[in-house]
Each structure stands twice: as structure tokens, then as C-alpha cells.
Amino acid sequence: MGDQKESLRKITTTLALKNEEITNFICCQKQSLENLEVNSSRVQEDLETEFSSLHSVLDDIKDSMVTRIKQERASRTYELQSQLSACSKALESSEELLEVANQTLCSSEADDFTQVTSSVTMAPAFRLSLKAKATDSMSHMMVDFTQEREMLQAIKFLPVPATPEILVSECQVCDNTVTVQWALPEPDSKIDHYDLEHRRTNYEGPPRGREDYPWMVVEGICETEYTLTGLRFDTHYMTFRVKACNKAVAGEFSELVTLETHAFLFKLDAGSAHQNLKVEDLSVEWDSCGGKVVQDIRKDKNRTNQSPMHSPARTAMNSPKRVPSARVGRDRFTAESYTVLGDTFIDAGQQYWEVRFDKESKAFAVGLALRNLGRFDQLGKSNASWCIHLNNWLQQSLTAKHNNKARTLDCPIPDRIGVYCNYEEGALSFYNARTKTLMHTFRTKFTQPVIPAFSVWNGCFSVQTGLQVPSAVQSSQRKNSGTSSSNTSLT
């Protein structure tokens, strides 16, 4: 009976997940139908606009050429009419002179011969050119649109670039950077650039109807790979797609590829903070007046109690867990323990985070603590916490502390410290976050979950989470695994 019930529960869960996938697919298909209508109308309008523009160009050319024909006709008409008028007048003048000359020839007066001869000699007809100033041919105004007609008949839709494929095996996620590579099915010399889009998500499967984060676009990529740097991984995954573009049109997006972006992500538990610490998101400032931003504890409880792991599903890598919100007035650190804890405990894996602090702080500490760290306990002064402690009171010193034992560290004091924890190996290391130089390593055996812990007096600090373990830190850990200092040697 129990096995059958468990079997039914499993198949029911599987079916529910499948139904969710189908629902998401239906939403995507409906959205695709809407997009199809919009895109079809848009390209049809663009087509009509292009043809209207082409017609307009042809009409303009036609009008221009008709105008030239009319101007040529008017010019030649004027020339021919002018020449015709001159010839007509010359002919009329010649006929009059001929009549006078004939009458003179019949006369016997000698003086008349001399005068008429002079008039006939000066007749306009003798000065008139009988070569036509213009022809009636208009053959130079003829056109032949055979070539243009063939070009117009060859009009077709623009060639669309092929769809790229993202090469998952070549993609890399490391040091809070993501490198994506892709390739076309066949080489295409007409490709001008690529557009890459990426989106954060907490779901590995197909896209959901409504995602929590928008697509971010990187345009004008000339190569077939691109690296995103300086990322903060505050979700479990990142989804990518890419399209090729020529100088005229863009192709279809590639199939979606989802890459895991595992990193340690936590917030500060304001409910645990000493009343003199003002907590704002991931920043803390010591306030001598005891002021503190009051955060919505109820909302925090709802957020942290979503599931035992505070995640949609437990991934293959053990994820850090959220701790229940501290109870105000009871679990808050007090007295001289100016401490605040993170809201996520570590019980597996390798985790890394960084903290930037004011080097002029009178006192500052960063490290790990057990959940049962007393509300009066200062970091490093009991066996429930490990830390690096900066002291600027009277004289400056940097020490590693655990169980009320301290070791002075002979290294420059950085303004940003990286904290590395390998739970299974029992290693807690501190690094200069800028140079990745190892400052100190505690080696112990964690028998229960630990929590990031911070303390500040007369100063301030801010925490950066969502970071992967840097390659330089991993390399340092392998190199120093047998030589790092131990907490048992603290004096």
C-alpha cells in the first residue's frame, strides 16, 4: 500500500510538472500567434511602402523626362519657326526686287540700271542660310527599359541569414563571466554582425509564459563568440539566444541555451544585527545613536520559508540554505558584540563572497559562525566563530581569531577581503580580493552548518554576493592545501 501510494505520488508530481511545461508552451504559442499577426502586418506595410516609394521614383523620372521632351520640342519649334519666318520675308523681298529689275530692263534710263543693280545685289536672299537650324528627329529622346524591366522582374524578398547554433560544449561559465560561442550551418560572407540576447532565470526548462527578468541585448558583435564580464549571479541560470544579421535584415534567433550560474547568494539578516548597526540591503554602518533601519521581518519569513532549501528545486550541487529570520529582541546581538549574520547557512560545497570595508573603522571582523553563536559573543572569541579582525584602537593590527586565540597577520591591510569556504574540507580562507593573495586559512572540521558573520565598530562595510569561486582562489587552494595555517596553532 505504501509503495503504491509513493508511486502514485511520484507519477502525480511528474504529471504536474509536465502540465506546467505544456501550459508554458501554450502561452508561448499564443504569444507567437499574436506576434505573427503583428509581424505579418508590419512586413506587408513595409512592402507597400517600398513599392509606393518605387512608383514615386518612376513617376518622378517620367515627369522629368516628359519635361525634357517638351523643352526640346519648344526649342526646336522656335528655331524652325524663326528660320521659316526669315525665309518667307527674304522670298517676299526677292520677288519685289525681281519685279523692279524686270521693269528696269524694259526702261532706257541708264541711271535706273545702276540703282536697281545695287538693290538686287543687297537682296536678303543672298545672305540667307538654307541649312536647317533644327531637325525634326527626336530619336535621341527614345528610351529602352529592357534592362530595368528585367531588374524589376527579378525583385524578390531579401535573403535572410541562416540561423546560428550555440555550441554548448564551447560555452564557459567561470569567474563570474560567461563566454558564449556559436556557428552558422554554412559560411556566409554577407553576414555583417550578430545580436546576442541573455536573460537571468531560475528555471532550467523551456521558457515560461512570464519570465521574471527581461532580455538584455548585445548588438553589433563581429565575431562568433562573446564574453560577458563582471556579472553577479543572483539566479540559478542564464538563458542565451543569438541571431545573424546582414546589412539589410536579421535572421531567426537560435534555439535557447540555458547555462547554470552557480554562486553563493545571501542577504544580511537584519533581525540579528546589533541595535547600533544600521543595515541597508548588503551595507552596514555603525550608528552610535542606536538607529537601525527596520525591515519587514514578516516578509522575510515568508521569503525564507518557501521551501526547506529556499529554491524551486535542489540542484545537483548542494545549495546553501536560508536560515529562519532572527527573532527581534531575543536573537539580536547586544552588548559589545556589534555583529550581524547572513541569512543563508552553508552545509556543503565551496562558497565565496567579498566584503569592502572602511580601513579607518575602529574595529572590523569578517568570517564564519555557527548558528548557536551567543548574542553576547564577539567574533573569534569563542569556538563558535572564525574571523579576520582589524583593530584600529590605539594601534593598527590585523589578526586571525578563533576560540579567543589570535595570530597577527604580517600582510598589507586590503580594503576588500574575499572569503572562501570549503565545507567538506573544513577550510576557511581569506584573500586580498584585488590581488587574490592568500592572507590566512583556518582548517577545521565543520560538524554543523555555518553562517557568514560580520562585525564593525565605528565604521562601515558592504558585502558582495552572487560570486563564483575565482580561478585564482581555486588554484591557490590546491597549491596551499597542505601548507596553510591551522586554527589549532593560534596563540
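Residues numbered from 1 in each chain as written. Predicted model: local features only at pLDDT ≥ 70, side-chain atom pairs only at ≥ 80, totals over all residues. Heavy atoms only, no water.

1. Some remarks on the confidence of the model for the chain
Then comes step 1: Averaged over all residues, the pLDDT of the chain is 86; the fraction at 70 or higher stands at 89%.
Then comes step 2: Contacts of residues 291–319 to residues separated by more than four positions or lying in other chains number 48 contacts, the stretch itself having pLDDT below 50. (pLDDT = per-residue confidence, 0-100. Contact = heavy atoms within 4.5 Å.)

2. A look at a negative patch on the surface
Then comes step 1: A cluster of acidic residues, E92, E95, E96 and E99, forms a negative patch on the protein surface.
Then comes step 2: Take E92: it is sitting in helix α1 (residues 2–105).
Then comes step 3: With relative accessibility at 48%, the residue E92 sits in the partly exposed group. (Patch = residues over 30% accessible without salt bridge, like charges linked within 9 Å, V, L, I, M, F, W, Y side chains within 5 Å. Areas by Shrake-Rupley, 256 points an atom, 1.4 Å probe, with all protein chains shown as cover. Salt bridge = Lys/Arg side-chain N within 4 Å of Asp/Glu carboxyl O. Lys, Arg positive; Asp, Glu negative; His and termini not counted. Charge placed at Lys NZ, Arg CZ, Asp CG, Glu CD. Helix = DSSP H or I, 4+ residues; strand = E, 2+ residues; numbered from the N terminus. Buried < 20%, exposed > 50% of the residue type's maximum accessible area, 1.4 Å probe, protein only.)

3. Comments concerning the side chain of N392
Then comes step 1: The topology assignment puts N392 in the loop between β17 (385–391) and β18 (397–402).
Then comes step 2: Setting aside anything within four residues of it in sequence, one finds N392 in contact with K359, E360, S361 and K362.

4. Let's talk about the sheet that holds strand β13 (residues 339–342)
Then comes step 1: Strand order across the open sheet formed by seven strands is β9-β13-β23-β16-β17-β18-β19, with antiparallel pairing between neighbours. The open sheet has two edge strands, β9 (268–269) and β19 (405–408), and neither has a second partner.
Then comes step 2: Here β13 runs beside strand β23 (residues 450–457); their pairing, made up of three bridges, is antiparallel. Paired with T339 across the bridge in β23 is S455. (Pairing = 2+ DSSP bridges.)

5. Comments concerning the packing of aromatic side chains
Then comes step 1: A complete count under the given rule lists 13 aromatic pairs for this structure.
Then comes step 2: Each ring, one from F357 and one from F364, has its centre 4.6 Å from the other, and the planes form 10°; the classification is stacked.
Then comes step 3: Classification of F357 by relative accessible area gives buried; the value is 6%.
Then comes step 4: Judged by its relative accessible area of 2%, F364 falls in the buried class.
Then comes step 5: Seen from their ring centres, F364 and F461 are 5.6 Å apart, and the 55° between their planes marks the pair as tilted. Here F364, found in strand β16 (residues 363–370), pairs with F461, found in strand β24 (residues 460–464); they are 97 residues apart in sequence, far enough to count as distant.
Then comes step 6: Put simply, the rings of F264, F266, W353, F357, F364, F454 and F461 touch in pairs and so form one group of aromatic residues.
Then comes step 7: Over the ring of W215 we find R241; its NZ or CZ atom is 4.1 Å from the centre of that ring. (Phe/Tyr/Trp six-rings, centres within 6.5 Å; stacked < 30°, edge-to-face > 60°. Lys NZ or Arg CZ within 6 Å of the ring centre and 35° of its normal.)

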